[in-house]
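# Remarks on the overall topology
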Amino acid sequence: MNTLLQDAQAAGASVGLTAERVTVHGGRPLKGRIELKGAKNLVTKAMVASLLGETPSELRSVPEISDVRVVKGLLEVHGVKVTSVGDDTLLLDPSAVESAHFEVIDAYAGSSRIPILFCGPLLHRLGEAFIPDLGGCRIGDRPIDFHLEGLRRFGAVVDKQPQGIRLTAPNGLKGAKIELPYPSVGATEQVLLTAVRAEGITELRGAAIEPEIMDLINILQKMGAIISVDTDRVIRIEGVDRLEGYSHTALFDRNEAASWASAALATEGDIFVGGARQAELGTFLNVYRKVGGAFDIHEDGIRFYHPGGKLKPAIIETDVHPGFMTDWQQPLVVALTKAEGVSIVHETVYEQRFGFTDALVDMGAQIQLHRECLGGAECRFGRRNFQHSAVIVGPTKLRAADVVVPDLRGGFSHFIAALSAEGTSTISNIGIIARGYENFIAKLDALGADFVIES
Ligand code: EPU
């Protein structure tokens, strides 16, 4: 095996979670303070954006998670010099961008979906790009049709090959009118990263407007891009000839904030989440309060706690921003197993994001999955064969179980379920959690969780 491939395997290895299994002794509330860094779902895209600059970029508040390592590896195989400065700053120098062999890209990309976002920047820089078959959490089909259709509109030629997809732009990339069938986060980012250097004006309709996308737009504007966000999910981009590097502190990870908030509720604990901000968490905070959780907003973070008394059930429908994020659903379901009454969660973003509930049922939770759209309007998955509505009947005292982590947020849920359960659980395949939660084990430790890592 060549050195690049060996490096690639190392890059794909988990960060801070070298063990495969943890024994958790439940019943102790999580209490204490943890600090957030930049959002996984922004930082990785910001790193890709550095490819578009003629000069180096500086990105601060970068978490040490394996998705960041994967993107770092992918940038490096394409000739970007990535240097760490201090604890959480990356310098990204794209002055020597080059093509990479598909085998090496594939080895680095392994567990991530980020390679798809390299398309636009690489087409601008090199006139070609290669995208291997994509990974990511197994929470649905996760197709890339919107991405490819968007790239075709810019003039890219998409050639599907056995190992992946090769893209070329024989006549350069030109601004386009694009309408997304669904406000996909990734496809919106794809259009932004491609349009900023395409010739002419791009109009994107049906865009996603998540705070992470707004922060990516901030970064691109710092680089010299001209982007306006209109009402009704319309984004207009005027292509420019040249972009510079940026200097930016990444938006905090609001999905991690919501995860720890749910952990506080499920374990009857009290967690101060340093770096969390109200503005990007408004929808979550409303639901948290309705369920019976309490929070205090401070300048430097938010304290989330169980104020005592009974938790109340909720009817929740996940949605694109400004709705209730799909990534918040899984940890909150654990708290809903402890609420008094019937809760309904209708998942409208991913068709298969309830796989994690099997383990909760093994732990004694009363959760039934349904194919119908319950508790809200009919969604894209309504007349199809997907169990995308969950009915949760509580309160349940969860009991210990042996659990295998299925995906990032589901894995977090399993941990808080085990921490809130009576008895000793084992949790395996925990490496997945390092994809998106920095220093997860150290944070659990700081919050007083009772667990033993098996090496
Ligand atoms: N979709 C298509 N075709 C496409 C693209 C998307 O049908 O070409 C569908 C998807 O199958 C899904 C829906 O559109 O049903 C939304 O997908 P989206 O493209 O918005 O998701 P993504 O960009 O792949 C990001 C986050 C996810 C987060 C979603 C929704 C990253 C790396 N991932 O995924 O984060 O759940 O947006 O906000 O930014 C996580 O952090 O655990 C996670 C899964």
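Whatever comes next refers back to the structure up there.
Before going into details, it helps to say that this report is about the structure given with it. (Residues numbered from 1 in each chain as written. Predicted model: local features only at pLDDT ≥ 70, side-chain atom pairs only at ≥ 80, totals over all residues. Heavy atoms only, no water.)

## Re the overall build of the protein
How we decide: Strands are runs of DSSP state E lasting at least 2 residues, helices are runs of H or I lasting at least 4, and numbering of each runs from the N terminus. Here the radius of gyration uses the C-alpha set of atoms, whereas the globule reference equals 2.2 Å times the residue count to the power 0.38. Burial classes follow relative accessibility: with a 1.4 Å probe on protein chains only, a residue under 20% of its type's maximum area counts as buried, one over 50% as exposed, and anything between as partly exposed. Contact definition: two residues touch when any of their heavy atoms are within 4.5 Å.
Broken down by element type, the protein carries 14 helices and 23 strands. Taking 2.2 N^0.38 as the reference for a compact globule, 455 residues should give roughly 23 Å; the C-alpha atoms of the protein span a radius of gyration of 22 Å, in line with that estimate. Along the first, second and third principal axes, the C-alpha set of the protein runs to 65 × 45 × 45 Å. Looking at the protein as a whole, 59% of its 455 residues qualify as buried. Long-range pairs, those at least 24 residues apart, make up 75% of the contacts in the protein with a sequence separation of at least 6.

## Remarks on the site of the ligand
Test applied: If a single non-hydrogen atom of a residue is within 4 Å of a molecule or strand, that residue counts as near it. Polar contacts, as counted here, are pairs of nitrogen or oxygen atoms within 3.5 Å of one another; within protein the pair requires one atom able to donate a hydrogen and one able to accept it, and residues that are adjacent in sequence qualify only if both atoms are side-chain atoms. Here the accessible surface of atoms and residues is derived via Shrake-Rupley with a 1.4 Å probe, and residues count as covered only by protein chains that are part of the display. Following the grouping adopted for this structure description, the nonpolar residues are Ala, Val, Leu, Ile, Met, Phe, Trp, Tyr, Cys and Pro, the charged ones are Asp, Glu, Lys and Arg, and the polar ones are all others, Gly among them.
The full set close to the ligand counts 24 residues, and Lys45, Asp145, Ser184, Val185 and Val349 are the nearest of them. Take Tyr350: an N or O atom from its side chain is 3.1 Å from an oxygen atom of the ligand. If the ligand stood free it would expose 830 Å²; the protein chains cover 92% of that surface. Elements supplying a minimum of two residues to the shell around the ligand: helix H2 (40-49), helix H6 (145-153), helix H7 (185-195), helix H11 (326-336) and helix H13 (408-420). Its residues assigned to classes, the shell around the ligand shows 10 nonpolar, five polar and nine charged.

## As for empty space enclosed by the protein
For clarity, the threshold we go by: Both site types are read off a 1 Å grid over the protein atoms alone. A 1.4 Å probe that fits but cannot get out defines a cavity, while an open set with protein on both sides within 12 Å along at least five of seven lines defines a pocket; lining residues have an atom within 4 Å of a point. Grid points are joined across faces, edges and corners, and a volume is the space filled by probe spheres set on the points.
Under the criterion given, the structure shown has one cavity of 30 Å³ or more. Its volume calculated, the largest cavity comes out at about 40 Å³. Lining the largest cavity, in full, are Glu35, Leu36, Lys37, Gly38, Pro63, Ile65, Asp253, Glu256, Gly436, Glu438 and Lys443.

## Some points on the nonpolar core
For soluble globular proteins, the rule of thumb is that nonpolar side chains tend to be buried together. Definition in use: Here, nonpolar core refers to any group of buried Ala, Val, Leu, Ile, Met, Phe, Trp, Tyr and Cys residues whose side-chain atoms link them within 4.5 Å.
Core analysis: the largest hydrophobic core is formed by 75 residues, its most contacted members being Leu167 and Leu220. Residues in contact with Leu167, not counting those within four places in the same chain, are Cys119, Leu123, Gly127, Glu128, Ala129, Ile131, Leu151, Ala156, Val157 and Val158. With 72 residues, the next largest nonpolar core counts Ala276, Ile392, Leu408 and Ile433 among its residues.

## With respect to the environment of Glu422
With respect to the secondary-structure elements, Glu422 resides in the loop between H13 and strand E22 (424-428). When the C-alpha atoms of Glu422 and His25 are compared, they prove to be 7.7 Å apart, with 397 residues separating the residues in sequence.

## What about unusual backbone geometry?
Cis geometry marks the peptide bond from His321 to Pro322, where omega comes out at 10°. Mapped onto the elements of the fold, Pro322 is located in the loop between strand E17 (315-317) and H11. Going from Gly394 to Pro395, the amide bond is cis rather than trans, its omega being 5°. In this structure, Pro395 sits in the loop between strand E20 (389-394) and strand E21 (402-404). Positive phi is not limited to glycine here, since Asp232 has a value of about 60°.

## Considerations on the environment of Ile65
As for its placement among the helices and strands, Ile65 is situated in the loop between strand E3 (57-60) and helix H3 (66-77). Separated by 375 residues in sequence, Ile65 and Phe440 have C-alpha atoms that sit 9.6 Å apart.

## Topic: the side chain of Lys443
Locating Lys443 in the fold gives a position in helix H14 (residues 440-446). Within the local environment of Lys443, its side chain forms a polar contact with the backbone oxygen of Glu438, the two atoms lying 3.0 Å apart.

## Observations concerning the sheet that holds strand E15 (residues 294-298)
Selection rule: Only when DSSP finds a minimum of two bridges between them are two strands counted as paired. Angles run from 0 to 180 degrees between N-to-C directions of axes, and those axes are lines fitted to C-alpha atoms, restricted for helices to the stretch in contact.
Sheet architecture is open: four strands sit in the order E2-E14-E16-E15, paired in mixed fashion. Edge positions in the sheet fall to strand E2 (31-35) and E15, since each of these pairs with one other strand and no more. Adjacent strand axes in the sheet meet at a mean angle of 15°, parallel and antiparallel pairs treated alike. Bridge count for strand E14 (residues 270-274) against strand E16 (residues 301-305) is five bridges, and the pairing is antiparallel. When the sheet's bridge partners are listed, Val273 is paired in E16 with Ile302. Of the strands in this sheet, E2, E14 and E16 are in contact with helix H9 (residues 254-266), which crosses E14 at around 170°. Packed on one face of the sheet, helix H10 (residues 282-291) meets E15 and E16 and runs near 145° to E15.

## Re the pairing of strand E5 (residues 89-93)
Two elements, E3 and E5, share three bridges in a ladder whose sense is antiparallel. Looking across to E5, one finds that Glu58 is bridged to Leu91. Pairing of strand E4 (residues 81-85) with E5, which is carried by five bridges, proceeds in the antiparallel orientation. Within the sheet, the bridge partner assigned to Lys81 lies in E5 and is Asp93. Hairpin geometry of E4 and E5 is characterised by an intervening segment of three residues between the two adjacent antiparallel strands and by a positive phi of about 65° at Gly86.

## Looking at the environment of Ile237
You can see Ile237 is positioned in strand E12 (residues 234-238). Looking at Ile237, the relative accessible area reads 1%, which means it is buried. Expressed as a C-alpha distance, the spacing of Ile237 and Glu203, which sit 34 residues apart in the sequence, is 6.5 Å. Setting aside residues no more than four positions away along its own chain, Ile237 makes contact with Val191, Leu192, Ala195, Val196, Gly200, Ile201, Thr202, Ile226 and Ile227.

## Things to note about the state of the cysteines
For clarity, the threshold we go by: Cysteine sulfur atoms are paired as a disulfide whenever they come within 2.5 Å of each other.
On inspection of all chains with the given rule, the structure shows zero disulfides. Counting only cysteine sulfurs, Cys379 is the nearest neighbor of Cys373, a cysteine outside any disulfide, at a range of 3.8 Å. A residue is classified by how much of its surface remains accessible, and Cys373, at 17% relative accessible area, is buried.

## Things to note about the packing of aromatic side chains
Selection criterion: Here is the rule: rings of Phe, Tyr and Trp (six-membered ring for Trp) pair when centre to centre is within 6.5 Å. Planes less than 30 degrees apart are stacked, more than 60 are edge-to-face, and the remainder are tilted. Think of it as a cone above the ring: NZ of Lys or CZ of Arg counts as a charge over the ring if it is within 6 Å of the ring centre and within 35 degrees of the ring normal.
Scanning the model with the defined rule gives 14 aromatic pairs in all. Relative to Trp328, the ring of Phe284 lies with its centre 5.5 Å away and its plane at 70°, an arrangement referred to as edge-to-face. Placement of the pair is Phe284 in helix H10 and Trp328 in helix H11, with a sequence separation of 44 residues. Neither Phe284 nor Trp328 differs from the other in exposure class; each is buried. Aromatic rings pair up to connect Trp260, Phe412, Phe415, Tyr437 and Phe440 into one cluster. Arg303 extends its terminal NZ or CZ atom over the ring of Tyr305, reaching a point 3.7 Å from the ring centre. Between Arg380 and the ring centre of Tyr182, over which it is positioned, the NZ or CZ distance is 3.6 Å.

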